[in-house]
Amino acid sequence: MNDPKEMNLQDVAANGAEEAVAEAAEVVDVEPLNIEQLQSELEKAKAEAANNYDQFLRTQAEIANQRRRTDKQVEDAHKYAVQKFVEALIPVVDSLEMGVQAEGDIDQIREGIKLTLKQFESVMEKFNIEVVGKPGDAFNPEHHQAMSMQPHPEFDNNTVSMVMQKGYLLNGRVVRPAMVMISKK
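Every chain is numbered on its own, with residues counted from 1 as its sequence reads. Local features in a predicted model are, by the rule used here, given only for residues with pLDDT of at least 70; side-chain atom pairs are given and counted only at 80 or more, and totals for whole chains, interfaces and linings are based on all residues. Excluding hydrogens and water, the side-chain values take into account all heavy atoms of the structure.

For the protein, an unreviewed UniProt entry supplies the name Protein GrpE and the organism Candidatus Thiothrix phosphatis. UniProt positions are given in the numbering used here, feature names are shortened, and annotations may be inferred rather than shown by experiment. What UniProt states about the protein under its Subcellular location (unreviewed entry) heading is, verbatim, "Cytoplasm". The heading Subunit (unreviewed entry) in the UniProt record of the protein holds the text "Homodimer."

Written as structure tokens, this is what we have:
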């Protein structure tokens, strides 16, 4: 390798490579980066990635906590959904208990039972519980359960002529259909 011709060729090749890199950098308009800059950018990227991963983990934990809180709220809502209804029924139970203990005239006891029934009906109205099945109503198979059909002079065909057991709706949904007799001509 001490041959001057070989050294000359190596210098020419090295100079040619440097010139090619310089020309390429001018064409792309990029300065060649050195190792310290690349390592600095790598460290910045690693720090940003670590920060993003930390934020991701915190967000995942927050979502899990929110899900647990929501599940607990739904569970409590199901568990205590009827609390207001129960609170409204307690005075009715109190009235019934006082009626059981009542002594005296049967008319007074009946009057107390009627007042208790009114109190109970007001609780039902407050919670959108409707009574269905009155004589003269048109037969509705969604609200009535026909027990039999009999001729009746006062009612048209497919009309409720007698109620054997009242039915109830809760917010428009059937809880129990009314057991009725239907008139036929």
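Still more to cover.
Attention now goes to the layout of surface pockets. In this structure, the largest pocket occupies an estimated 160 Å³ of space. For the lining of the largest pocket, the secondary-structure elements that each account for two or more residues are α4 (106-126) and β1 (129-132). Numbering goes from the N terminus for both helices and strands, where a helix is a DSSP run of H or I of at least four residues and a strand is a run of E of at least two. Ranked by residue count, the leading element in the lining of the largest pocket is α4, at 5 residues. Residues are sorted three ways: Asp, Glu, Lys and Arg are charged, Ala, Val, Leu, Ile, Met, Phe, Trp, Tyr, Cys and Pro are nonpolar, and all the rest, Gly among them, are polar. Looking at side-chain class alone, the lining of the largest pocket contains 6 nonpolar, no polar and 4 charged residues. Only protein atoms enter the 1 Å grid used here. Points where a 1.4 Å probe fits but cannot escape make up a cavity, open sets with protein on both sides within 12 Å along at least five of seven lines make up a pocket, and a residue lines them when an atom lies within 4 Å of a point. Grid points are joined across faces, edges and corners, and a volume is the space filled by probe spheres set on the points.

Whenever strands of a sheet pair, they do so through backbone hydrogen bonds, lying parallel or antiparallel. The mixed open sheet is built from 3 strands, whose spatial order is β2-β6-β3. Every other strand in the sheet has two partners, leaving β2 (144-151) and β3 (160-165) as the edge strands with one partner each. Ignoring which end each strand starts from, the neighbouring axes of this sheet average 25 degrees apart. Being paired, for any two strands, means DSSP has found at least two bridges between them. Across 7 bridges, the pairing between β2 and strand β6 (residues 178-184) is parallel. Angles shown run from 0 to 180 degrees and are taken between the N-to-C directions of axes, each axis being a line fitted to C-alpha atoms and, for helices, limited to the stretch in contact.

On to a nonpolar patch on the surface, then. Each patch is built from residues lacking any salt bridge and having more than 30% relative accessible area; the joining distance is 9 Å for like charges and 5 Å for nonpolar side chains (Val, Leu, Ile, Met, Phe, Trp, Tyr). Areas reported here follow the Shrake-Rupley algorithm with a probe of radius 1.4 Å; residue values treat only the protein chains shown as occluding. Each reported salt bridge corresponds to a side-chain nitrogen of Lys or Arg within 4 Å of a carboxyl oxygen of Asp or Glu. Where nonpolar side chains cluster on the molecular surface, the patch consists of Y53, F56 and L57 and spans about 320 Å² of accessible area. Think of it in three bands: residues with accessible area under 20% of the maximum for their type are buried, residues over 50% are exposed, and the middle band is partly exposed, with areas taken using a 1.4 Å probe on protein chains only. For Y53, a relative accessible area of 51% translates into the label exposed.

Sheet architecture is open: 3 strands sit in the order β1-β4-β5, paired in antiparallel fashion. Two strands close off the open sheet at either side, each with one partner strand: β1 and β5 (173-176). For this sheet the average axis-to-axis angle between neighbouring strands, irrespective of direction, equals 35 degrees. As defined by bridge partners, β1 adjoins strand β4 (residues 167-170) across 4 bridges and the pair is classed as antiparallel. Counted as the bridge partner of I129 is L170 from β4.

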